[in-house]
Amino acid sequence: MSRADTAGAVRPVSPLWTFGLLRSELTTTFRRWRTLALLAVLAGVPVLVGIAVKIETGDGSSPGGGGGGGPAFISQITNNGLFLVFTALAATLPFFLPMAIGVVAGDAIAGESNSGTLRYLLVAPAGRSRLLLTKYATVVIFCLVATLVVAVSALTVGALLFPLGDLTTISGTRISFAEGLGRALLIALAVAASLIGVAALGLFVSTLTGSGIAAMATTVGLLITIQILDQIPQLHALQPYFFSHYWLSFADLMREPVYWDELAKNLGLQALYAAVFGSAAWARFTTKDVTA
């Protein structure tokens, strides 16, 4: 299909039709066995962490042998199961969550092209821009769902294996369990927002190739590479611009009062990545010839 198919973008499209397109994309995405497998893996991480902590502390010792090792909050899990939510998000954010987002985003356009369905989607009265925006919205919603799956799984396991109640913040102040749940929800939303840059990057990569597997592998490879570079001291001048640099800033939501500086930097950086790679994806997708 040539660029002439973009003429369909000027045809009037009702908001109801757009909602139907988004609903169709969400249904297709969440019915795929690959998506369900990714969500199952994410849900399994808090289970494994909770069981490991329960076994390790069965003799009354503290997690990690009191050495302070492991993800943030892990030493507090035995005192309050709600801390398993924070620990699970800290454990999945560096790799499991972005990998899942990279797979879904990388497959968004390239997978359709590889299966031969992209040409037919462009025949519909949506236009390329609207279709691309719908694909991105689907990936962003997956970011939220994937994060909530981790949080809900961790909360369930934490409630089953450990006591619940008032909790102590990083600053040493006590807050109620209800407020702790509210903080947990805010943290889950902050983690989901931390992934919108990855979603835009994966979508851009997806517009560059007609192979879904190649797009997914490239996106995941870039994620791993950036995180490795973020650990090299000699690159400290560049690291604040890496999308993963402020990911763990969500821990500041467990301070009293909340520290907003790094959280704001993280959200601003993610918005920048979304704008840059979203624009690049739009420029590429609206000018490429689609023949499959």
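Structure shown above.
The following refers to the structure shown. Everything numeric here is computed off the predicted structure, so don't read it as measured data.

Brief notes about empty space enclosed by the protein
Leftover empty space is mapped by rolling, across the atoms, a probe with the size of a water molecule. Under the criterion given, the structure shown has 1 cavity of 30 Å³ or more. One number sums up the size of the largest cavity: a volume of about 140 Å³. If you go around the largest cavity, you meet 15 residues; those closest to its centre are T29, R32, V104, D107 and A108. Of all the secondary structure elements, the ones that give two or more residues to the lining of the largest cavity are α1 (15-31), α2 (33-56), α4 (96-115) and α6 (128-161).

Re the nonpolar core
In terms of nonpolar packing, the biggest core is built from 74 residues, with V85, F86, I101, I187, F243 and F250 touching the most fellow members. Those elements that place two or more of their residues in this core are α2, α3 (83-92), α4, α6, α7 (177-193), α8 (196-207), α9 (212-229) and α10 (261-285). Sorting elements by how many residues they give to this core places α6 first, with 11 residues. With sequence-adjacent residues up to four places away left out, V85 is seen in contact with A151, A154, L155 and A184.

Details of α3
Within α3, 9 of the 10 residues are buried, leaving the element largely enclosed by the surrounding structure. The set of residues buried in α3 consists of F83, L84, V85, F86, T87, A88, L89, A90 and T92.

Thoughts on the environment of F162
Its location among the elements puts F162 in the loop between α6 and β1 (167-168). F162 gets classed as buried once you look at its relative accessible area, which sits at 6%. Considered as a pair, F162 and L84 are 78 residues apart in the sequence and their alpha carbons are 9.3 Å apart. Residue contacts for F162: discarding those within four places in its chain leaves G50, V53, K54, I77, T78 and G81.

Topic: the pattern of salt bridges
Scanning all chains against the criterion turns up 6 salt bridges. Across the pair E256 and R183 runs a salt bridge whose closest N-O atoms are separated by 2.4 Å. On the criterion of sequence distance, the pair formed by E256 in the loop between α9 and α10 and R183 in helix α7 is long-range, its members being 73 residues apart. Of the residues examined, R183 reaches a relative accessible area of 8% and is grouped as buried. The partner of D252 in a salt bridge is R255, and the shortest N-O contact between them spans 2.8 Å. A relative accessible area of 23% means that R255 is categorised as partly exposed. Beyond isolated ion pairs, a larger network of salt bridges with shared partners links R32, R34 and D107.

About the cut-offs
Residues numbered from 1 in each chain as written. Predicted model: local features only at pLDDT ≥ 70, side-chain atom pairs only at ≥ 80, totals over all residues. Heavy atoms only, no water. 1 Å grid on protein atoms, 1.4 Å probe; cavity = no way out; pocket = protein on both sides within 12 Å on 5 of 7 lines; lining within 4 Å. Points joined across faces, edges and corners; volume = space filled by probe spheres on them. Helix = DSSP H or I, 4+ residues; strand = E, 2+ residues; numbered from the N terminus. Core = buried A, V, L, I, M, F, W, Y, C linked by side-chain atoms within 4.5 Å. Buried < 20%, exposed > 50% of the residue type's maximum accessible area, 1.4 Å probe, protein only. Contact = heavy atoms within 4.5 Å. Salt bridge = Lys/Arg side-chain N within 4 Å of Asp/Glu carboxyl O.

By themselves, these observations are geometric and do not establish any function.
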